[in-house]
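An overview of the molecular structure
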Amino acid sequence: MITSTSPSKFSTRTAAAALIFLLTGAGATAQSMPDSEKGRYTLSPVPDGVLRLDTRSGAVSTCSNNGTGWACYAVPDERAALDAEIGRLQAENEKLKTDLAAREPTVGGKIDEPLPKTDSLKKPEPKVAEGERKIEIPLPSDRDMDRVMSFLEQAWRRLVEMANRMQKDVTGKI
């Protein structure tokens, strides 16, 4: 038996179904992303879910929907290791500063006494220790000087001959 439904019953059923649909849809939408608590968290989508940055503490978490709801897990942080290294370096720096301060003071800056005047052309007298280690460099002999001069003369002649050949090539006299 087919009964006709009155317009008031149809609109009530439709409204109830729409209300149930909206509530379940809204519930799914509310659970689709973690709450951002009035701008405290910055969310960035990643292939596994969402990356959440806590703007107050700087902590980073990965959030994913595992079927029963969203769960966020802290990302392993190198911050503790970096803080430990910074602390070690600061302690080492302080130790080096105290070691440097404990050393005898060195002369730094200008000295109140003027330097003694010396003749810059006068050869300083060698000290005893330096006199024992005196090294003499022998000057080249006349024969060695003649060989060097002969080599330079030959090189100069070849250079002049090459320049003359180049000039003739340019003028076309060859």
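A quick note: this is a predicted structure, and the numbers were derived from the prediction, not measured. (Residues numbered from 1 in each chain as written. Predicted model: local features only at pLDDT ≥ 70, side-chain atom pairs only at ≥ 80, totals over all residues. Heavy atoms only, no water.)

Moving on, we come to the overall build of the protein chain. The number of helices and strands found in the protein chain is four helices and four strands. Written out in order from the N terminus, the α and β elements of the protein chain read α-β-β-β-β-α-α-α. Once local pairs closer than 6 in sequence are excluded, the contacts in the protein chain between residues at least 24 apart make up 12%. By element, 59% of the accessible surface of the protein chain is carried by carbon and sulfur atoms, the whole surface being about 16,700 Å². (Helix = DSSP H or I, 4+ residues; strand = E, 2+ residues; numbered from the N terminus. Contact = heavy atoms within 4.5 Å. Areas by Shrake-Rupley, 256 points an atom, 1.4 Å probe, with all protein chains shown as cover.)

Here we come to a nonpolar patch on the surface. Taken together, the side chains of W156, L159, V160, M162 and M166 present a nonpolar region at the surface, about 520 Å² in accessible area. Here M162 lies in helix 4 (residues 142-171). Accessibility expressed as a relative area gives 43% for M162, which makes it partly exposed. (Patch = residues over 30% accessible without salt bridge, like charges linked within 9 Å, V, L, I, M, F, W, Y side chains within 5 Å. Salt bridge = Lys/Arg side-chain N within 4 Å of Asp/Glu carboxyl O. Buried < 20%, exposed > 50% of the residue type's maximum accessible area, 1.4 Å probe, protein only.)

Structurally, D54 can be placed in strand 2 (residues 49-54). Given the relative accessible area of 7%, D54 is considered buried. Among the polar contacts listed, one links the side chain of D54 to the backbone nitrogen of R56, at a separation of 3.1 Å. Of the polar contacts made by the side chain of D54, one reaches the side chain of S57; its length is 3.1 Å. Those residues in contact with D54, other than ones at most four positions away along the chain, are R40, Y41 and A59. (Polar contact = N/O pair within 3.5 Å; in protein donor to acceptor, adjacent residues only side chain to side chain.)

Before going further, it helps to spend a moment on the pairing of strand 1 (residues 41-46). The pairing of strand 1 with strand 2 spans six bridges and is classified as antiparallel. Residue pairing for strand 2: L43 is matched across the bridge by R52. Adjacent in sequence and paired antiparallel, strand 1 and strand 2 are bridged by two residues. (Pairing = 2+ DSSP bridges.)

The strand order across the open sheet formed by four strands is 1-2-3-4, and the pairing between neighbours is antiparallel. Looking at strand neighbours, the two that pair on one side only are strand 1 and strand 4 (70-74), the edges of this open sheet. Adjacent strand axes in the sheet meet at a mean angle of 30° when their direction is disregarded. Across five bridges, strand 3 (residues 60-65) lies against strand 4 in antiparallel orientation. In the strand pairing of strand 4, T62 is matched with Y73. (Axes fitted to C-alpha atoms, helices over the stretch in contact; angles between N-to-C directions.)

A separate point is the side chain of S61. Topologically, S61 is positioned in strand 3. On the basis of relative accessible area, S61 is assigned to the buried category, the value being 8%. Residues in contact with S61, not counting those within four places in the same chain, are V50, L51, R52, C72, Y73, A74 and V75.

This brings us to the pairing of strand 2. Along a regular strand, successive side chains alternate from one face of the sheet to the other. Sheet topology note: the strand 2/strand 3 ladder contains four bridges and is antiparallel. Following the sheet pairing, L53 is matched in strand 3 by V60. Between the end of strand 2 and the start of strand 3, which pair antiparallel, lie five residues, with G58 showing a positive phi angle near 85°.

Take helix 4 next. Over its 30 residues, helix 4 extends 44 Å from the first C-alpha to the last, a length consistent with the 44 Å expected when each residue adds 1.5 Å. Looking one or two residues beyond helix 4, the residue adopting positive phi is G172, at roughly 85°. (Expected span 1.5 Å × (residues − 1).)

All right, on to the packing of aromatic side chains then. Throughout the structure, instances matching the rule amount to zero aromatic pairs. In this arrangement the basic side chain of R52 is found over the ring face of Y41, its NZ or CZ atom lying 4.3 Å from the centre. (Phe/Tyr/Trp six-rings, centres within 6.5 Å; stacked < 30°, edge-to-face > 60°. Lys NZ or Arg CZ within 6 Å of the ring centre and 35° of its normal.)

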